[in-house]
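# Descriptive structure summary
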Amino acid sequence: MSTAEATAPSAHGHHAEMSFVRKYIFATDHKVIGIQFLFASLAFLLLGGLLALMVRWQLGFPGQPIPGGGVVSPKFYNALVTMHGTFMVFFAVMPLLVGVYANYLIPLKIGAPDMAFPTLNMLSFWLFVVSGVIMTASLFVEGGAAGAGWTAYAPLSAVPRYTGVSLGQQLWIVSILFFGASSLLGSVNYITTVINMRAPGMTLFRMPLSIWSLFITAIIALLAIPIIAAAVILLLFDQTIGTTFFLPADGGQPLLWQHLFWFFGHPEVYILILPAMGIISDIIANGSRKPVFGYHSMVLAIIAIAFLGWITWGHHMFQSGMNPLLGTSFMISTMAIAIPSAIKVFNWLGTMWRGNIWFHTPMLWAIGFVSLFTVGGLSGIFMASNAVDIFIHDTYFIVAHIHYVLFGGSLMAIFAAIYFWFPKMFGRMMSETWGKIHFALTFLLYNLTFFPMHILGMGGHMRRIYDPTQYEFLQPFQPMNRFITISAILLFVVQIPFVVNFFWSLFKGKKAEINPWRDNGLEWTVPSPPPHGNFETTPTVYRGPYEFSSPEAAPEDFLPQTTP
Amino acid sequence: MDWLPTAASSYAADMDRIFYIILWITGIVLVGVQVTLVYFVIKYRGREGRKAAFIEGSKKAEIIWTVTPAILIVGIAVASQDVWSKIKNPDRFPTDGVELRIEARQFAWGVTYAGSDGEFGSEDDFTHYNQIHVPVDRPVVFDLTSIDVVHSFFVPAFRIKQDAVPGLTMRAWFEATEVGEYELACAELCGVAHGLMKGKIIVLAQDEFESWLAEQS
């Protein structure tokens, strides 16, 4: 059944005019769905950013009312911390990478007319919307939003009286369930599409690294999401019908939550970074006008990271009281991830080496990614060391690390991707000048915001505390906390050029050519934006994705994958 | 270079040493990568009429940058392992220490002393909240638990952190090396007043500790 459905659109070749609702709202075209994800998750990114600013306000200026608002209460502070993490992980970074680019790029880059299951794809987006609406609504219910952290450690999250939150936490769980369903449907689609619908000649090892990483990510998500779903269902039972899966009084086990959560949660971290790595690989090759250095080892590194991601969850639990022998095994598996990560960084450098670098805006973001991801990757080694983790666990050192990976890494890649594929998505160019200004200011303020957090962490500054000035040993850090807060506010403000550029270009930008970045990918052989069904005739692929500056191409410096 | 808090426990220096070893190694790699990146950006900036070299990779380079990080991390892991095991492995805990029982709750630390008979569960046991008196230069070994949610026992100056998990009893230890008062914090989000769940560790000279103990019983 599925195969027939999957190939149906290409069999027709032409497409009847559709109603507005079918075309733009309940759309089944993977490109429209990708764009829907883009708008929805950018809105959540904005919301997550606003929540972060309120957190930062309280830390920089504890107890002072937010300008134009009230004082942040301790309970609201916990809700802010929880919801910032939740929105950024589940509703901003993950859909911006996977929802947007897996949907938009996979069919275009492998030469397929659409996803294998277009209707499931539509369902996946609308489940995401339902999930996002529930999560947003939970901010406004009685008792406030969930306040047990995005990690929702039980028993804190399991018993309403421990946090003073009941409905908020339950909506959080329900939202995560919808989110999980959305992700599962997406993953099934991405995997099937990559396996079944590649154009003739598009062998696995001719796929761009962006597609490789999205493919592997989909496999991780398919395996990881059911675990969190099971865990939150148990949590919901504990919350509502009096079970005690995570409560010790009647034989439950609080650490069970941590095992389930991190057995999902650590692979989730790789869901959030692998697609970014893949996208960056594509863009660095394009910007350097050179093939990706060590393409095969890049693919192997993605697979290695994905595999190792399953056996490292315990490093989040070094201080949880686990057997110290387990602490040793998890240190070794965690440290091992440094190897494929290092391979990737060195290969990006290798790609730029002896290149002829074209500093278009996406390339700047990609270079920024390499620079900042390196910081985040290296700071991970401190946590991987079980001995050092005793001290820095649950401090700002971790906060710095996660933000270097997820903001300095993933979000930089997301911006690179937006600037790179905007012309294809919307048929217009974004302003290069404003894109570069946006990059320069973001890169600078990003570092001013997050780098000092390493120093806070070394000083022992705990994360998720409401008022650092309560502790004598943290009082000397207050000027730094204020500095970080001001930098964070400015970092938020310098996103305005991006928003303006985005919407201005959407309507007034210069018309985009078919292939403005002189790239080799199949998406650059079709009009911008591509029509429904993507390809007039199914393309045939003759070569790999990165044959830039190949002698065969002269005098051009690129060689589309469709060139025989 | 002293970014970590003043160290005041017997194993703090061991942990700090590993911290700084990792800081040096990662610092050198970090500077190396960033300098290379900037150098490439300048040297290989695009110019008219120039073409990038058509290089698809090098097996030798891949081997070098697979093996080198592997060696470095094995070194770091080996160095970490001994300190980790010294701090966390119950088989290696000191046996001649002062025994305490610490019970975390929202939002306080309760510490129970065995009293003058040295036995828990007898009448002269006594419990204090948020103030933990200990002797200097003598190990303090304690049972840690929680009666409600997960908390985490964190004394930055001692470099100790151990979660307190309801339903489980964790063993942990430290040995203070300087007389004085040190802040105890909860490091695991534990509810509305998590940021206020603090206490003091009061390190006394050994004879003062003995007389303090006698006064309490």
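Everything below is about the structure shown above.
The following refers to the structure shown. (Residues numbered from 1 in each chain as written. Chains lettered and ligands numbered in written order. Predicted model: local features only at pLDDT ≥ 70, side-chain atom pairs only at ≥ 80, totals over all residues. Heavy atoms only, no water.)

## Regarding the overall build of chain B
A count of helical and extended segments in chain B gives three helices and 10 strands. In sequence order, the secondary structure elements of chain B are arranged as α-α-β-β-β-β-β-β-β-β-β-β-α. Computed over its C-alpha atoms, the radius of gyration of chain B comes to 25 Å, more than 25% above the 17 Å expected for a compact globule of 217 residues. For chain B, the spread of C-alpha atoms along the principal axes amounts to about 90 × 35 × 30 Å. Here chain B holds 217 residues, and the buried ones make up 53% of them. When contacts within chain B are restricted to residue pairs at least 6 apart in sequence, long-range pairs at least 24 apart make up 64% of them. Carbon and sulfur atoms make up 57% of the accessible area of chain B, which amounts to about 9700 Å² in all. (Helix = DSSP H or I, 4+ residues; strand = E, 2+ residues; numbered from the N terminus. Rg over C-alpha atoms; globule rule 2.2 N^0.38 Å. Buried < 20%, exposed > 50% of the residue type's maximum accessible area, 1.4 Å probe, protein only. Contact = heavy atoms within 4.5 Å. Areas by Shrake-Rupley, 256 points an atom, 1.4 Å probe, with all protein chains shown as cover.)

## Regarding the interface of chain A and chain B
Contacts between chain A and chain B engage 92 residues on the former and 80 residues on the latter. For the pair chain A and chain B, the summed buried surface comes to about 7400 Å²; carbon and sulfur atoms form 71% of the total. Considering only the side of chain A, the residues that lose the most area to chain B are Ile390(A), Phe391(A) and Met458(A), jointly responsible for 9% of the buried surface there. Between Lys200(B) and Glu472(A) there is a salt bridge, with the nearest N and O atoms lying 3.7 Å from each other. Between chain A and chain B we count 26 residue pairs in polar contact (both at pLDDT 80 or more) in total. Elements with a contribution of two residues or more to the side of chain A that touches chain B: α4 (74-110), α6 (160-163), α9 (254-288), α10 (295-308), α11 (324-336), α12 (338-352), α13 (361-384) and α14 (386-392) of chain A. (Buried area = accessible area lost by both parts, 1.4 Å probe. Salt bridge = Lys/Arg side-chain N within 4 Å of Asp/Glu carboxyl O. Polar contact = N/O pair within 3.5 Å; in protein donor to acceptor, adjacent residues only side chain to side chain.)

## Regarding helix α5 (residues 118-137) of chain A
All names here are of chain A. Compared with the 28 Å implied by 1.5 Å per residue over 20 residues, the 29 Å span of α5 between its first and last C-alpha is a close match. For α5, the full list of buried residues reads Pro118, Asn121, Met122, Ser124, Phe125, Leu127, Phe128, Ser131, Gly132, Ile134 and Met135. Lining the buried residues of α5 we find α2 (20-25), α3 (30-60), α4 and α7 (167-196). (Expected span 1.5 Å × (residues − 1).)

## Focus on the side chain of Ser297(A)
By secondary structure assignment, the location of Ser297(A) is in helix α10. Relative accessible area serves as the criterion here: at 17%, Ser297(A) is assigned to the buried category. For Ser297(A), the side chain forms a polar contact with the main-chain oxygen of Gly294(A), separated by 3.0 Å. With near-sequence residues (within four places) excluded, Ser297(A) lies in contact with Ile343(A), Asn347(A) and Glu62(B).

## So, unusual backbone geometry
Following Ser528(A), the chain continues to Pro529(A) via a peptide bond in cis, the omega torsion being -10°. The topology assignment puts Pro529(A) in the segment after α18 (496-508). Following Gln106(B), the chain continues to Phe107(B) via a peptide bond in cis, the omega torsion being -5°. Turning to its location among the elements, Phe107(B) is positioned in the loop between β1 (98-105) and β2 (108-113). Backbone geometry at Arg354(A) places phi at a positive 60°, although glycine is not the residue there. One non-glycine residue, Arg518(A), lies in the positive phi region at around 50°. Topologically, Arg518(A) is positioned in the segment after α18.

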